Amino acid sequence: MYKYTIARQLATKRVITNRGEEVGKLVDLLVNEVTGELEVLLVEVDRDSKLAKKIDAKERVIEVPYSAVTAVSDVFIVDERELT
């Protein structure tokens, strides 16, 4: 039951860069089944953001490596250098 509570808390959290640019919202997480470690954030891209144009996001959902995450609070903050 605990893992479902965490999943609900994370669902649709906004994802922004360390420079404050909007990336989109979290739609899912990919977890390594053997180690249990988070590997990738699946983020629905905000098509109107400058960053989406900058990284030329053709897909509606992009994969953001978990290693790019620098902080999590009300939003996920990711290092912009790992997106391009």
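First, a word on what this report is: a plain description of the structure on this page. (Residues numbered from 1 in each chain as written. Predicted model: local features only at pLDDT ≥ 70, side-chain atom pairs only at ≥ 80, totals over all residues. Heavy atoms only, no water.)

## Quick notes on the pattern of salt bridges
So, point 1. One pass over the full model with this rule turns up 4 salt bridges.
So, point 2. Taking the shortest distance from any N to any O, the salt bridge between glutamate 44 and arginine 60 comes out at 3.1 Å. Residue glutamate 44 is found in strand E3 (residues 38-45), and its partner arginine 60 is found in the loop between helix H2 (50-54) and strand E4 (61-65); the two are separated by 16 residues along the sequence.
So, point 3. Ionic pairing is found between arginine 81 and aspartate 79, a salt bridge with its closest N-O pair at 2.7 Å.
So, point 4. Among the ionic contacts, a cluster of salt bridges with common partners joins Lys25, Glu44 and Arg60. (Salt bridge = Lys/Arg side-chain N within 4 Å of Asp/Glu carboxyl O. Helix = DSSP H or I, 4+ residues; strand = E, 2+ residues; numbered from the N terminus.)

## What to know about the nonpolar core
So, point 1. Counting residues in each nonpolar core, the largest one holds 16 residues, and the members touching the most others are Val15, Val23, Leu41, Val43, Val64, Phe76 and Val78.
So, point 2. At the level of elements, strand E2 (22-31), E3, H2, E4 and strand E6 (75-78) are the ones that each hand at least two residues to this core.
So, point 3. The dominant element in this core, judged by the number of residues it contributes, is E3, at 3 residues. (Core = buried A, V, L, I, M, F, W, Y, C linked by side-chain atoms within 4.5 Å. Buried < 20%, exposed > 50% of the residue type's maximum accessible area, 1.4 Å probe, protein only.)

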